[in-house]
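One-letter residues, chain by chain:
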Amino acid sequence: MEHTEQHIVAIDLGTSKIALIVVKVNGDDVQVVYYKETAAAGIINSGVSNMVQANVPLQHLIKDAEESLNIKINQAVIGMPKYPIRQEANSGKIMDRGEFTEITQEDIDNLKRFAQETYPLQSTEREAIYGAVAQSFSDGENFQIKENDIVGMSSNILEGHFKIFIGRRKELINADSLLAKAGISARKKYFTADTTAHVILSETEMENGVALIDFGGGSTSVTIYHDGIMRHYASIPFGGKNITHDIKSELQITERLAENIKMAFGACMPEKLLNMSEKVLHIIDKNSTQDKQVAVKYLSEIITARVREIVEAVLYEIQESGLAEHLRCGIVITGGVARTANLGMMINEMSGYNVRIGYPKSDIPGYGADGTHETSATTILGLVTAAMKEETVNCAVDTGMSQQVEETAHETVEQNEVAEVAEKEAEVRETVDKTPMEQVEFEEAPEDETAQEEVEPAQEEIPAKEEAPAQEEAPAQEEKKPEEEKKGGWRFLKVVWGKAQNIGANINKIIDGITVDDDETDEE
């Protein structure tokens, strides 16, 4: 079976970074052909706050990807903001389906859509539903049935219970406006809590209970799974950006330098650093006359204070979910901050849960490409994996192919125009050939200048190139005729010449019309 090559483009609009990935899909062959991250601007808590600032790094990534791959990006899949999000519950029920009517996936999707559309938002102008996750189903007799289990059953009643996730409508509008400013559009927006989890967590973890903590730049979220279903989601407006700001303020350095120091020497729990705690960082500031000396232990104390605050807030959300006792597989941490030394150990001591770092699974599409095996790439890989499940997603076209198509189309137009001219000329010639000579009148008329005046204006409309041969031929024929045939012959020529002029004028109009169409085509 022949497959069509597709390009899936995903963009992660983060508070600290903006990432763009291009995946080429041809049947079962999946390749990451481009991945790059750049520092973000104009984005707060993964929501666009300043389109002018955010547009600069985004356009740079898009242009770089297009030039590197010789493609034109038209669309991209993006994630919805992670904060603020609130979750609510809603249900849907279908009665009188028919006692032996089989429940299909389409029935489930329609019920889910009904639950989203009928949920009463506090304000439709300010709020929007980001997503919905099925919790359980009932057939009227059995309850707490999973989605995979109820599909295929027969029942007269179908009832479903869903978690509805609600965010701000303004964030979605701003994201669309940003992409439009960059010259592309959003192919689809995904609620990233669920898409990210599926590229990190195993089925065993989801079944037995696990909490996924995603430490982002502007916000930190927790997603809880149990019995293979997403049961709870919450987020707080604190993340890696806050840690960087604390370092900047305490050490009185630039934000960029603070971020670099955090990435290179950041660690939690200074008492666990051993020999590292005795090391001292020598910071040379070109804008200051005095250099700075910062102990790694003191840097760790700054980081630990903020991280402890974030973890305490997340553990509170886990307790509020009512699922704290069901997390048999503990906690998985991901995101850029997850690479901070001793973070897992600190969470383990604070919560008592087993903790592991969540890297992308090795069986997901695109695993192993440069940069995509890090914890910071899990969100964008989740977007790509979700987009691949769609039947037709093609976010870019090959510029070389599109140019070739345009040239072929232009050549076809030119050939069609030439053929049209030839066809029109043939029609005119056929008309001339079929004109019966009996229609030409030879009656004698008084010899005056009126007939001559009828010919002369028509002669002025005929181009010089077409007139010359005919005008030279007429006198020659007149000289060869005897004196008694001159008058009748001259009138015959005038009538025939007038018909030729009319035919010539028609040809000119046809050619002029075709010439105008050609000019308009070139202008377009």
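See the structure above.
**Quick notes on the pairing of strand E15 (residues 280-283)**
Right, on to step 1. Only one face of E15 is covered, namely the face carrying Leu-281 and Ile-283; the face carrying Val-280 and His-282 is uncovered.
Right, on to step 2. Taken together, the 4 bridges between E15 and strand E16 (residues 292-295) define a ladder with antiparallel strand orientation. Looking across to E16, one finds that Leu-281 is bridged to Val-294.

**Some remarks on the pairing of strand E2 (residues 17-26)**
Right, on to step 1. When you tally the buried positions in E2, you get 8 out of 10 residues, the bulk of the element.
Right, on to step 2. Note that strand E1 (residues 6-13) and E2 share 8 bridges and pair antiparallel. Pairing of Ile-11 across the sheet is with Leu-20, part of E2.
Right, on to step 3. Taking the residues between adjacent antiparallel strands as the criterion, E1 and E2 are bridged by 3 residues.
Right, on to step 4. Pairing of E2 with strand E3 (residues 29-39), which is carried by 10 bridges, proceeds in the antiparallel orientation. Across the sheet, Leu-20 pairs through a bridge with Lys-36, a residue of E3.

**A closer look at a negative patch on the surface**
Right, on to step 1. A cluster of acidic residues, Glu-5, Asp-28, Asp-29 and Asp-398, forms a negative patch on the protein surface.
Right, on to step 2. Relative to the assigned elements, Asp-398 resides in strand E19 (residues 396-398).
Right, on to step 3. Here Asp-398 falls in the partly exposed class, since its relative accessible area comes to 31%.

**Focus: the nonpolar core**
Right, on to step 1. Core analysis: the largest hydrophobic core is formed by 67 residues, its most contacted members being Ile-11, Leu-20, Ile-21 and Leu-201.
Right, on to step 2. Ranked by residue count, the leading element in this core is E2, at 7 residues.
Right, on to step 3. Ignoring any residue separated from it by four or fewer positions in sequence, one finds Leu-201 in contact with Met-206, Val-210, Leu-212, Tyr-225, Val-332, Arg-356 and Lys-361.
Right, on to step 4. Among the nonpolar cores identified, the runner-up in size contains 41 residues, and Ile-303, Ile-310, Val-337 and Tyr-353 belong to it.

**Re the packing of helix H7 (residues 240-251) against helix H9 (residues 296-321)**
Between two packed helices, what matters for the description is the angle formed by their axes and the separation of those axes.
Right, on to step 1. Packing of H7 against H9 brings their axes to within 9 Å, and their N-to-C directions diverge by 140°. Here H7 is positioned oblique relative to H9, judged by the angle of their axes. When you trace H7 past H9, the crossing you get is right-handed. Here Asn-242, Ile-243, Asp-246, Ile-247, Glu-250 and Leu-251 of H7 lie close against H9, whose contacting residues are Tyr-298, Leu-299, Ile-302, Ile-303, Arg-306 and Val-307.
Right, on to step 2. In terms of residue class, the contact of H7 with H9 is made up of 8 nonpolar, 1 polar and 3 charged.

**Considerations on helix H8 (residues 255-265)**
Right, on to step 1. Within the sequence span of H8, burial applies to Ala-258, Ile-261 and Lys-262. One side of H8 carries all its buried residues, which in axial view fall inside an arc of 100°. Of the exposed residues in H8, the ones pointing more than 90 degrees away from its buried face are Arg-256 and Ala-264.
Right, on to step 2. At its buried positions, H8 is contacted by H7, E15 and H9.

**Some details on the packing of aromatic side chains**
Remark: the centre distance and the inter-plane angle together describe each pair of aromatic rings, the angle taken between the planes.
Right, on to step 1. If you walk through the whole model with that rule in mind, you get 4 aromatic pairs.
Right, on to step 2. Between the aromatic rings of Phe-137 and Phe-162, the centroid separation amounts to 5.9 Å while the plane-to-plane angle is 90°, which identifies the pairing as edge-to-face. With Phe-137 in strand E9 (residues 127-138) and Phe-162 in strand E10 (residues 158-168), this residue pair connects regions lying 25 residues apart in the sequence. With respect to class, Phe-137 is no different from Phe-162; both count as buried.
Right, on to step 3. Judged by centre distance (6.3 Å) and plane angle (90°), the ring pair of Phe-165 and Tyr-233 falls under edge-to-face. Pair noted here: Phe-165 is in strand E10 and Tyr-233 is in strand E14 (residues 229-236), with a separation of 68 residues, a long-range link. The same class applies to Phe-165 and to Tyr-233, which are both buried.
Right, on to step 4. Here the aromatic residues Phe-165, Phe-191 and Tyr-233 are joined through ring pairs into a cluster of three or more.

Thresholds, definitions, all that
- Residues numbered from 1 in each chain as written.
- Predicted model: local features only at pLDDT ≥ 70, side-chain atom pairs only at ≥ 80, totals over all residues.
- Heavy atoms only, no water.
- Buried < 20%, exposed > 50% of the residue type's maximum accessible area, 1.4 Å probe, protein only.
- Helix = DSSP H or I, 4+ residues; strand = E, 2+ residues; numbered from the N terminus.
- Pairing = 2+ DSSP bridges.
- Patch = residues over 30% accessible without salt bridge, like charges linked within 9 Å, V, L, I, M, F, W, Y side chains within 5 Å.
- Areas by Shrake-Rupley, 256 points an atom, 1.4 Å probe, with all protein chains shown as cover.
- Salt bridge = Lys/Arg side-chain N within 4 Å of Asp/Glu carboxyl O.
- Lys, Arg positive; Asp, Glu negative; His and termini not counted.
- Charge placed at Lys NZ, Arg CZ, Asp CG, Glu CD.
- Core = buried A, V, L, I, M, F, W, Y, C linked by side-chain atoms within 4.5 Å.
- Contact = heavy atoms within 4.5 Å.
- Axes fitted to C-alpha atoms, helices over the stretch in contact; angles between N-to-C directions.
- Parallel < 35°, antiparallel > 145°, perpendicular 65-115°, else oblique.
- Left-handed = near helix turned anticlockwise from the far one by under 90°.
- Nonpolar A, V, L, I, M, F, W, Y, C, P; charged D, E, K, R; others polar.
- Arc of directions from axis to C-beta.
- Phe/Tyr/Trp six-rings, centres within 6.5 Å; stacked < 30°, edge-to-face > 60°.

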